[in-house]
Amino acid sequence: MSDITCSATCYPDKCSFSWTKSGNEVSNSSVLSLGSAHRNQAGNYVCTAKNPGTIETASSAIIVVEIAYGPEDITLSPDIKSYTFNEGQTLHNITCSAKCVPECTFSWKRSSTVIINNGPDMVTLSPNQLSFTNNEGQLMSDIRCSASCVPVCTYIWRKSDILVSDNNVLSLGSLNRGEDGSYACTATNPELNVTTESPIVVIEIRIGPDSVSLSPPTLNYQMTEGQVLNNITCSARCVPDACLYTWSKSGAVIVNGFVLSIGSFEFGEAGSYVCTAKNPGSGVAVTSHSVLIESKEAATTLTDPETRQQTTTIIVGAVMGGCVAIVLVVLLMLRRRHVICKCNCVKTDSSPDGIDLPDTPSKTRTTDQSEQHTQMSEIENTQHTYEQIGRNI
């Protein structure tokens, strides 16, 4: 066996060393020399360094020395060398034992042919696959393990040393998060209490995204032209691969990534934005809340009640004023035609033959002038009424 040397630094004097085995000193130097190995030299060894000036000590890690030997002291139980049986008679188990380091393996032969070993010798899986990646909620096919034992093997499935099945079938069904991990099947010979473990099976479950978070979480921004808008980032959890992100405005993708970077705001950039996170494996996609970015000027005009009322008043007043003006023009034109007609139809005071006429024409003229004055008053009153309506509006 090769020598084992330990070293350490001491000041001002050199360190002194000693080797111990199970608390007993076996060497007072820095070198452990076992020479030709013997089984009684197996054990746990520790090197200790000591500063002769300060008497401080430090010890090495434990060195395990294992000496392989055997098999020896082979025995049978029961210790019977010959059996005679009638056909159909039961022969009780015969157990073989021996001393070995490391532990012995055993086999039984009949006429040089192996008929029984210490099984299980090997555990096989069906399907013969060591890695699975499925979506959350997806149906997982059963995994079966098998081995050769006499008598028949017993089986268990463990996930990270936690028992999940007490037979040879791992049946997870519809996958839930938390069922991902490393699984192994163990086959046991119940008579010999010998076990063999299968290769590790790794199951991954595609999870997420469940929701999309925004940073900062603000959902409404009112901006002025040229004002700088800080970056808005979205995040989500996808397993086993990272999520893919896109930013959309009014249904159209504008950014392939998780950062919305607008910078100096322009009026045309106002609108509703959403971030979508997608699991690249499962295809599951989730959208964030909408982020509304508005122009402050436009938002004030549309949302301020006083401004909206003033705008409405101006519009209605203008419409009504125009209507009043049109009505007045029409009435004045009609009145003018009526006055002209009246004037053209009035007779003169003297007849063409120099004959005096009755007083009727004079009365008619007086009546016409009175009627004209009355109609003009009505027009002025009407005009005044419409002007009052326009001012109230």
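In this text the structure is predicted, and so the values were computed from the model without any measurement.

Draft legend 1. Region of the structure containing the overall build of the protein chain. The secondary structure content of the protein chain amounts to 3 helices and 33 strands. The 393 residues of the protein chain split such that 24% are buried. The long-range fraction of contacts in the protein chain, counting pairs at least 24 apart against all pairs at least 6 apart in sequence, stands at 58%. Of the accessible surface of the protein chain, which amounts to about 26,000 Å², a share of 53% is contributed by carbon and sulfur atoms.

Draft legend 2. A look at unusual backbone geometry. In this structure, the amide linkage connecting tyrosine 11 to the following residue, proline 12, adopts the cis form with an omega of 5°. Structurally, proline 12 can be placed in the loop between strand 1 (4-5) and strand 2 (16-21). The omega torsion across serine 77 and proline 78 is 0°, close enough to zero to call that bond cis. Assignment of secondary structure puts proline 78 in the loop between strand 8 (69-77) and strand 9 (95-101).

Draft legend 3. Focus on the state of the cysteines. Taken as a whole, this structure holds 5 disulfides when the rule is applied. Between the sulfur atoms of cysteine 6 and its disulfide mate cysteine 47 the distance is 1.9 Å. Here cysteine 6, found in the loop between strand 1 and strand 2, pairs with cysteine 47, found in strand 5 (residues 43-50); they are 41 residues apart in sequence, far enough to count as distant. Note on cysteine 47: relative accessible area 4%, which makes it buried. A sulfur-sulfur separation of 1.9 Å characterises the disulfide bridge that pairs cysteine 145 with cysteine 185. Of this pair, cysteine 145 sits in strand 15 (residues 143-146) while cysteine 185 is found in strand 20 (residues 181-189), placing the two residues 40 residues apart along the sequence.

Draft legend 4. Main features of the environment of tyrosine 273. Residue placement: tyrosine 273 occurs in strand 31 (residues 271-278). Tyrosine 273 gets classed as buried once you look at its relative accessible area, which sits at 4%. C-alpha of tyrosine 273 to C-alpha of serine 248: the two residues are 25 residues apart in sequence and 5.6 Å apart in space. If we ignore the near neighbours within four places in the chain, the residues touching tyrosine 273 are Trp247, Ser248, Lys249, Ile254, Leu260, Ile262, His289, Ser290, Val291 and Ile293. A polar atom in the side chain of tyrosine 273 sits 2.6 Å from the backbone oxygen of glutamate 269.

Draft legend 5. Layout of the nonpolar core. Of all hydrophobic cores here, the largest spans 21 residues; its most connected members are Trp157, Val201 and Ile203. Secondary-structure elements contributing two or more residues to this core are strand 15, strand 16 (154-159), strand 20 and strand 22 (201-206). The residues touching valine 201, leaving out its near neighbours within four places in the chain, are Leu125, Gln129, Leu130, Phe132, Ile143, Trp157, Gly181, Ser182 and Tyr183. Val212, Ile232, Cys234 and Trp247 belong to the second largest nonpolar core, which has 19 residues in total.

Draft legend 6. Seen up close, a nonpolar patch on the surface. Judged by side-chain polarity, Ile80, Tyr83, Phe85 and Leu91 come together as a nonpolar surface patch covering roughly 320 Å² of accessible area. Residue placement: isoleucine 80 occurs in the loop between strand 8 and strand 9.

Draft legend 7. Up close: the side chain of threonine 276. Within the secondary structure layout, threonine 276 lies in strand 31. By relative accessible area, which is 17% here, threonine 276 ends up buried. One polar contact links threonine 276 to threonine 287, side chain to side chain, over a distance of 3.4 Å.

Draft legend 8. Expanded view of the sheet that holds strand 12 (residues 124-126). A sheet is described by the order of its strands in space; here 3 strands give the open sequence 12-15-18, paired in antiparallel fashion. What marks the edges here is a single partner per strand, and that holds for strand 12 and strand 18 (169-170). In terms of strand pairing, strand 15 meets strand 18 through 2 bridges, oriented antiparallel. Paired with isoleucine 143 across the two strands is leucine 170, which belongs to strand 18.

Draft legend 9. Local environment of the pattern of salt bridges. Across all of its chains, the model carries 5 salt bridges by this definition. Residues lysine 81 and aspartate 79 are paired through a salt bridge, measuring 2.7 Å at the closest nitrogen-oxygen approach. You'll find lysine 81 and aspartate 79 in the same group, each marked exposed. The residue aspartate 210 makes a salt bridge to arginine 177 at a minimum N-O spacing of 3.0 Å. Placement of the pair is aspartate 210 in the loop between strand 22 and strand 23 (213-215) and arginine 177 in the loop between strand 19 (173-174) and strand 20, with a sequence separation of 33 residues. Residue aspartate 210 is classed as exposed on the basis of its relative accessible area, which comes to 53%. Among the charged side chains, a network of salt bridges with common partners joins Glu136, Arg177 and Asp210.

Conventions we followed
Residues numbered from 1 in each chain as written. Predicted model: local features only at pLDDT ≥ 70, side-chain atom pairs only at ≥ 80, totals over all residues. Heavy atoms only, no water. Helix = DSSP H or I, 4+ residues; strand = E, 2+ residues; numbered from the N terminus. Buried < 20%, exposed > 50% of the residue type's maximum accessible area, 1.4 Å probe, protein only. Contact = heavy atoms within 4.5 Å. Areas by Shrake-Rupley, 256 points an atom, 1.4 Å probe, with all protein chains shown as cover. Disulfide = S-S within 2.5 Å. Polar contact = N/O pair within 3.5 Å; in protein donor to acceptor, adjacent residues only side chain to side chain. Core = buried A, V, L, I, M, F, W, Y, C linked by side-chain atoms within 4.5 Å. Patch = residues over 30% accessible without salt bridge, like charges linked within 9 Å, V, L, I, M, F, W, Y side chains within 5 Å. Salt bridge = Lys/Arg side-chain N within 4 Å of Asp/Glu carboxyl O. Pairing = 2+ DSSP bridges.

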